[in-house]
Amino acid sequence: MATLVARPVLTTRRLFLIGGAALALSACSSTGKRDLSARTNVIQVDEPWASYYSMQTSEPFPVPGIDIRKIPQQYWRQEVDYAGNEKPGTIVVNTSERFLYLVQPGGRAMRYGVGVGREEGLNFRGSAVIARKAEWPRWTPTANMIKTQPEKYGPVAAGLEPGLKNPLGPRALYLYRNGKDTHFRLHGTLEPYTIGQSVSSGCIRLINQDIIDLYSRVPTGTRVIVTG
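Here is what the cut-offs are and how they apply
Residues numbered from 1 in each chain as written. Predicted model: local features only at pLDDT ≥ 70, side-chain atom pairs only at ≥ 80, totals over all residues. Heavy atoms only, no water. Pairing = 2+ DSSP bridges. Helix = DSSP H or I, 4+ residues; strand = E, 2+ residues; numbered from the N terminus. UniProt positions renumbered as here; feature names shortened; annotations may be inferred. Buried < 20%, exposed > 50% of the residue type's maximum accessible area, 1.4 Å probe, protein only. Phe/Tyr/Trp six-rings, centres within 6.5 Å; stacked < 30°, edge-to-face > 60°. Lys NZ or Arg CZ within 6 Å of the ring centre and 35° of its normal. Salt bridge = Lys/Arg side-chain N within 4 Å of Asp/Glu carboxyl O.

Quick look at the sheet that holds strand β9 (residues 171–177) now. Across the sheet, which stays open at both edges, the nine strands sit in the order β3-β6-β5-β4-β13-β8-β9-β10-β12 with mixed pairing between neighbours. Across the chains shown, the open sheet's two edge strands, defined by having one partner strand only, are β3 (78–81) and β12 (204–205). Both strand β10 (residues 180–187) and β12 contribute to a ladder of two bridges, which runs parallel. In the sheet register, L186 faces β12, and the bridge partner there is I204.

Given below as structure tokens:
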């Protein structure tokens, strides 16, 4: 695999912003553990991340702000140097590094921290395309999830409507291969403080503010490469 070099640029001026409660419930990509952190009222972090992770009130369901200090800084959204050979516009997910790269022109990439499958066998591998995009999607557990964890997924077998309790979060990008749904998604999360960890049922989860940003940057037909 090509060597990836990350040199984020930091700034020093500090900003204060108002955040909301981070909600946590079991998810398509969830450990089922509830985030017990208290409601965050004032967050202090360096620019530009203060504005990246503030509450987003323009959404149909306002997205709570998060205390980004609780997530290791390498997983914060940032533009970095990129030494891969993929064409600009390609998404590259490295499940070992817990990074998602959106390749940009000029040897650069937007890099996002992600959560990945809690077991290696749960992770998608290879290439796919984004064949479908959805804002505030409905979520239904797969038949296998219901079979293997009936006590957890049985009560929600009929699915969940869009909203802050939906494990896909505010956006979902659906991965297809050879015209068929792989049942793997790039989506938001109810557990933002698990980013950078192996916690999901196989889908790639991003901080809600990050999946909103990524969603706005990529069209259907975007190529996605997942490596380990």
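The next point concerns the UniProt feature "active site" (unreviewed entry) in the chain. UniProt's feature table lists "active site" (unreviewed entry) at H187 and C203, given in the numbering used throughout. Spanning 17 residues, the named residues nonetheless gather at one spot, since no C-alpha pair among them exceeds 7.6 Å. The topology assignment puts H187 in strand β10. A residue is classified by how much of its surface remains accessible, and H187, at 0% relative accessible area, is buried. In this structure, C203 sits in the loop between β11 (198–200) and β12.

All right, on to the packing of aromatic side chains then. What characterises a pair of aromatic rings is the spacing of the ring centres plus the angle enclosed by the ring planes. Overall, the coordinates contain six aromatic pairs when judged by the stated rule. Between the aromatic rings of F99 and Y101, the centroid separation amounts to 6.0 Å while the plane-to-plane angle is 75 degrees, which identifies the pairing as edge-to-face. One exposure class covers both F99 and Y101, and it is buried. Every member of this aromatic cluster is reached through a ring pair, and the members are Y75, Y82, F99 and Y101. Directly above the ring of F99 sits R111, whose terminal nitrogen or CZ lies 4.1 Å from the centroid.

This paragraph deals with the pattern of salt bridges. Side chains bearing opposite charge may pair, as long as their charged atoms lie close to each other. A full pass over the atoms with the stated rule returns 10 salt bridges. In this structure, the salt-bridge partner of D67 is R69, at a minimum N-O distance of 2.8 Å. Between R77 and D213 there is a salt bridge; the shortest N-O distance is 3.4 Å. Of this pair, R77 sits in the loop between α1 (49–52) and β3 while D213 sits in helix α4 (residues 208–217), placing them 136 residues apart in sequence. A relative accessible area of 13% places D213 in the buried class. Residues joined by salt bridges that share partners form a network here, namely R77, D210, D213 and R217.

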